[in-house]
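Working through the structure, step by step
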Amino acid sequence: MDWKRFLFILLVIAVLFGAVVLVGMVKQEPIIIIASMLATTITVATPLTLGALSGLFCERSGVVNIGIEGMMLTAAFFGWLAAIYMSSIFGFPALPSLLVGVFFAIVSGGLMALLHAALSVTFKVDQIIGGTVINILAIGITGFLNRQLFFESGSVFGGTVPHGPGTLPNILIPVGQGVKAICGWFGPSESCLTFANSMDKIFSQGPITYAAILLVILSHFVLFKTTWGLRTRSVGEHPRAADTVGINVAKMRYANVILGGMLAGLGGAYFTLESVPSFEPLMTNGRGFIALAAMIFGNWTPFGAWAASLVFGAAQAMQINMQVFRDVIPPQWAFLQVSYVVGLAPYILTMLILTGIIGKTIPPAADGVPYEK
Amino acid sequence: MTENNIVLEARGITKQFPGVLANDQVDFDLRNGEIHALLGENGAGKTTLMNILYGLYHQDAGEVFLNGQPIEIHSSRDSIKAGIGMVHQHFMLVPVFSVAENIMLGDEITRLGMILDEKAVAKRVLELSRQYGLDVDPQALVGQLPVGVQQRVEIIKTLYRDASILILDEPTAVLTPQEAEDLFRIMHELTERGVSIIFITHKLKEVLAIADRITVMRAGKVIGTVTPKETSEQKLATMMVGRDVILTVDKGLSQPGEEVLKVDRLKVHDFRGLEVVREVSFEVRAGEVLGIAGVQGNGQTELVEALTGLRPTASGRMLFAGKDLTGKPPRPLTETGMAHVPEDRQRHGLVLNFSVADNMVLNTYYRPPFARFGVMQPEAIDANARNLVKEFDVRTPSPFVAVSKLSGGNQQKVIVARELSHGVKLLLANQPTRGLDVGSIEYIHQEIVAMRDRGVGVLLVSAELDEIMALSDRIAVMYHGQIVTTVDAKKVTREQLGLWMAGARPEE
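Residues numbered from 1 in each chain as written. Chains lettered and ligands numbered in written order. Predicted model: local features only at pLDDT ≥ 70, side-chain atom pairs only at ≥ 80, totals over all residues.

1. Thoughts on the overall build of chain B
Of regular secondary structure, chain B possesses 17 helices and 24 strands. In terms of overall dimensions, chain B is globule-like: its C-alpha atoms have a radius of gyration of 25 Å, near the 23 Å expected for 508 residues. Across its three principal directions, the C-alpha atoms of chain B cover 70 × 50 × 50 Å. Expressed as a percentage of the 508 residues in chain B, the buried residues total 45%. In chain B, the share of contacts with a sequence separation of at least 24, taken over all contacts with a separation of at least 6, comes to 67%. (Helix = DSSP H or I, 4+ residues; strand = E, 2+ residues; numbered from the N terminus. Rg over C-alpha atoms; globule rule 2.2 N^0.38 Å. Buried ≥ 20, exposed ≤ 12 C-beta atoms within 10 Å, placed from the backbone. Contact = placed C-beta atoms within 7 Å.)

Now the structure itself:
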């Protein structure tokens, strides 16, 4: 990641945050608004981050993956289904049910990716078509099973959606606690306590969110510091060169696409097991494609992709937080009241980024090209 | 002594590809510490044989012996283990990786079994580069290195894997003469340290200069093995092509007629906006060859692009057949009688996925008889292709085959056939024989002389001094975007031209 890109990302995030602070200042203290924005940004960036990492492993190995959306949707459904089975049919408590759900989400993402790998590596199908197949298949399978299992009388769940196991509990990292302790040394003040509470808000996130951040760091390490990463990048850049030094190109591509699918699967789990305790058809709502844009904007690097995901997260956080301040929006900013306008922000950003306005990004040289011996 | 010990031997290798017997009962052996050249035209089966020895293909029949023991090579991993390293014609390097990353790829030095130890690799690379005189910086990005240095990286890559047998596939094709000299020095250095080298090429001069033994292949068969002492360029060429080849061009006196092309103080900018052609003036007459000599990158490419309507001119004029056609697009130029054989035949001369027949009408497809009222006329296009294939001796299974399937020489013939098949007044040939084999070069040269004798004006641009001297009637030397001097081809020496090309000013 070049510094220009980072600076641009910081700038966009600052502008988005600034807009909300400006609007909400009359009602809330800026620090509370910023903390709330930060917390939401990190939360909603989770599926984007995981989706972008998914794309990253696929494309670094030379397989274009526009099926992230479908992989996430499939995983969201099957993860949720597994959790419900565990809790309502087998009678497991909530947490184990949810963890089994996460496991199945990852597995189902991996299976969808296996299909994508077979199509694009073994059968050398056009990878855009392959990804489209994944997306359409995901909509079909999840929509069909959702109706058959829950809304048809005589089905397993007898025509009703059973009470699910809820969502994964947030984990609080006691940063706020530490801040409070430091506050104590100086004699407790109002603003110090506010700051501590804000920290508690930011550092209370779901386990998948924490996992996503750890996975960013891990992905960077794997891609750039290990044998696996070097070989993955080589088959994405110059597969013949990799072949001539005895690297099995097909095997590397399969492995990376499946790994990517599993990451997308974890991203899918976020929707139904961490964010909300239910499944709705089409609930990923284009997140997989935004994740793809984040990966491109991040120039095919984990940290870049993460930073870009945070930009999109911030845009979404702005949309969510603006709704709170609906009544105090000044008349000249009235158009912001229409939440749809604000809701467009992530998509407009995606388009802007893809036009290359913020500088050219360079994909792996063999990205999307099947390897012919 | 180990001098005559055979380290690698192939016996009776046969490899069949769909439609081609690429290797037919091939025997080949390599002695310890020798440079054994494998000579042959494009498509003779040299690269197939080497790909079998390197494990990229597997032979249908025949055996390979390493130090007298039979060995099965099924993948490049097997051959690397056997101590065989190959430097491919198109480098197998990842441009965005560092030198060290490229060298270690597939055979990484690690800590804890998976973490790359770049320091250890860099140390090993520096050791090797010192040991063999292969100067290279392990941290440099490969894509930013000159071609000659990239080749060194490839050689170190094989040495890093402890290769004692080195296969170099057309290593000089991409090098400047100086870089080639450097490579030869390195090759001697390597053989002195016990490495045995198989050197694949189709350049006769190089073979005689550096090889200990020469094996010639033609049409999948070994024709014979000779030493440089007992052979000559002429004999080798005959072995390669299968008939006597005329290495020197036989041409009579030129009969210059009227002026067909007049270039007057032409200025051209390159893609960065720099002035790379600076006030160039010259003229080409009907029935003469004007050769433009010069080291590559002195504005020749941009000059030709401007003359053929592919690049805008900054100022100056171009008169073609008496008309001012400065800055006109290619179509009116073609219709006035300009033929263009471009520098990069695959990118600018052909549509690779189109058939031979379609490529032969790329400049005339829109007018009768090939199109009527905007509808293509397949019969006329096919008939045209069949005629041209016969007339220009294009070796193709059929006119409907994609032109990408043809060898380089035949691709060039397709272009020449297309360009010369309509009324031509001027032929602009830019590097017309680059990368071609002896037989094709001979053919193209004869064709150029034949055009001249038919009263066509020829502008020949080439970086090969031999080619310029052999074909031109007059020679213009280009240096730094300017024509330094124009001389009579019969009254100038190679040395003198070389000096002018390097920037010396003619005394006057």
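After that view, the rundown keeps rolling.
2. Remarks on the overall build of chain A
When you go through chain A residue by residue, the secondary structure sums to 15 helices and two strands. Rg of the C-alpha trace for chain A: 22 Å, near the compact-globule value of 21 Å for 373 residues, within the 12% margin. With respect to the principal axes defined by its C-alpha atoms, chain A has extents near 70 × 60 × 45 Å. Buried positions account for 49% of the 373 residues belonging to chain A. Looking at chain A alone, contacts between residues at least 24 apart form 79% of all its contacts between residues at least 6 apart.

3. A look at the interface of chain B and chain A
On the side of chain A, 16 residues touch chain B, which itself brings 18 residues to the contact. Those elements giving two or more residues to the side of chain B that touches chain A turn out to be α2 (76-81) and β8 (115-116) of chain B. Looking at the side of chain B that touches chain A element by element, the count peaks at three residues for α2(B). In terms of residue class, the side of chain B that touches chain A is made up of nine nonpolar, five polar and four charged. (Nonpolar A, V, L, I, M, F, W, Y, C, P; charged D, E, K, R; others polar.)

4. Thoughts on the domain arrangement of chain B
Residue and element names in this part refer to chain B. Each assigned domain of chain B is listed here: domain 1 (2-241), domain 2 (246-337 + 423-508) and domain 3 (352-417). Contacts between domain 2 and domain 3 engage nine residues on the former and five residues on the latter. The element contributing the most residues to the side of domain 2 that touches domain 3 is helix α15 (residues 438-453), with four residues. Its residues placed into classes, the side of domain 2 that touches domain 3 shows three nonpolar, four polar and two charged. (Domains from an automatic or database assignment.)

5. Some thoughts on the sheet that holds strand β10 (residues 196-201) of chain B
All names here are of chain B. The six strands lie next to each other as β6-β9-β10-β3-β11-β12, forming an open sheet whose pairing is mixed. In this open sheet, the two strands that pair with only one neighbour each are β6 (84-87) and β12 (221-226). Adjacent strand axes in the sheet meet at a mean angle of 20 degrees, parallel and antiparallel pairs treated alike. Against the sheet, helix α8 (residues 233-241) touches β3 (35-40), β11 (213-218) and β12, its axis set at about 35 degrees to β11. (Pairing = 2+ DSSP bridges. Axes fitted to C-alpha atoms, helices over the stretch in contact; angles between N-to-C directions.)

6. Focus on the packing of helix α3 (residues 68-89) of chain A against helix α5 (residues 127-150) of chain A
Residues and elements named next belong to chain A. Where α3 meets α5, the axes come as close as 7 Å, and the angle between the chain directions of the two elements is 20 degrees. On the basis of their axis angle, the class for α3 and α5 is roughly parallel. In this structure, the crossing between α3 and α5 has a hand that is left-handed. Contact residues: α3 offers E69, G70, M71, L73, T74 and F77, while α5 offers I134, N135, L137, A138, I139, I141, T142, L145 and N146. (Parallel < 35°, antiparallel > 145°, perpendicular 65-115°, else oblique. Left-handed = near helix turned anticlockwise from the far one by under 90°.)

7. Let's talk about the pairing of strand β21 (residues 426-430) of chain B
Residues and elements named next belong to chain B. Burial analysis of β21 places five of its five residues in the buried class, which makes it a mostly covered element. Here β21 shows two buried faces, one formed by L426, L428 and N430 and the other by L427 and A429. Sheet topology places strand β18 (residues 338-341) next to β21; four bridges connect them, and they run parallel. Bridge pairing in β21 places A339 opposite L427. Pairing geometry for β21 and strand β22 (residues 457-462), over five bridges, is parallel. Following the sheet pairing, A429 is matched in β22 by L460.

8. Notes on the pairing of strand β16 (residues 315-320) of chain B
The side chains of a regular strand alternate, first on one face of the sheet and then on the other. All names here are of chain B. The sheet contact formed by strand β13 (residues 259-269) and β16 spans five bridges and is antiparallel. Each bridged residue has a counterpart across the sheet, and for D264 the counterpart in β16 is R317. What sits between the antiparallel neighbours β16 and strand β17 (residues 323-324) is a turn of two residues, in which A321 has the positive phi angle 55 degrees.

9. Brief notes about the nonpolar core
Membership of the largest hydrophobic core comes to 150 residues, with the highest contact counts inside it found for L53(B), I167(B), L426(B), L428(B), L459(B) and L460(B). Not counting residues within four places of it along the chain, the set of residues in contact with L53(B) comprises A10(B), V64(B), I73(B), S79(B), I84(B) and I167(B). Core analysis: the next-biggest nonpolar cluster, separate from the first, contains 93 residues, V20(A), L38(A), L98(A) and F325(A) among them. (Core = buried A, V, L, I, M, F, W, Y, C linked by C-beta atoms within 7 Å.)

10. Section: α5(A)
The first and last C-alpha atoms of α5(A) sit 34 Å apart over 24 residues, in line with the 34 Å expected at 1.5 Å per residue. Along α5(A), the residues classified as buried are Q127(A), G130(A), G131(A), I134(A), N135(A), A138(A) and T142(A). (Expected span 1.5 Å × (residues − 1).)

11. Some details on the packing of helix α2 (residues 30-60) of chain A against helix α13 (residues 302-324) of chain A
Residue and element names in this part refer to chain A. The contact between α2 and α13 brings their axes to 6 Å, and the two run at 140 degrees. Taken together, α2 and α13 sit at an angle that is classed as oblique. α2 and α13 meet at a crossing whose hand is right-handed. Contact residues: α2 offers S36, M37, T40, T41, I42, V44, A45, L48, T49, A52, L53 and L56, while α13 offers P302, A305, W306, S309, L310, F312, G313, A314, Q316, A317, I320 and N321. Residues that form the contact of α2 with α13 fall into these classes: 16 nonpolar, eight polar and no charged.

12. Some thoughts on the sheet that holds β16(B)
All names here are of chain B. The sheet built from four strands is open, its strands ordered β14-β13-β16-β17 with antiparallel pairing. The outermost strands of the open sheet, each flanked by one partner alone, are β14 (275-285) and β17. Packed onto the sheet, helix α9 (residues 300-307) meets β13, β14 and β16 and runs at close to 60 degrees relative to β14.

13. With respect to unusual backbone geometry
Residues and elements named next belong to chain B. Here the residue pair P368 and P369 is connected by a cis peptide bond, since its omega of 5 degrees sits within 30 degrees of zero. Examined against the element boundaries, P369 turns out to sit in the loop between α12 (356-359) and β19 (371-372). In this structure, D162 takes a positive phi of about 60 degrees despite not being glycine. Along the chain, D162 falls in the loop between α5 (147-160) and β9 (165-169). For D162, a count of 11 C-beta atoms within 10 Å gives the class exposed. Look at F373: it is not a glycine, yet its phi comes out positive at around 50 degrees. The topology assignment puts F373 in the loop between β19 and β20 (375-376).

14. With respect to α8(B)
Residue and element names in this part refer to chain B. Within α8, the full set of buried residues consists of L236, A237, M239 and M240. Down the axis, α8 shows its buried residues gathered within 160 degrees of arc, on one side only. Elements that come into contact with the buried residues of α8 comprise β3, α7 (204-210), β11, β12 and α15. G242, located one to two residues past α8, shows a positive phi value of around 90 degrees. (Arc of directions from axis to C-beta.)

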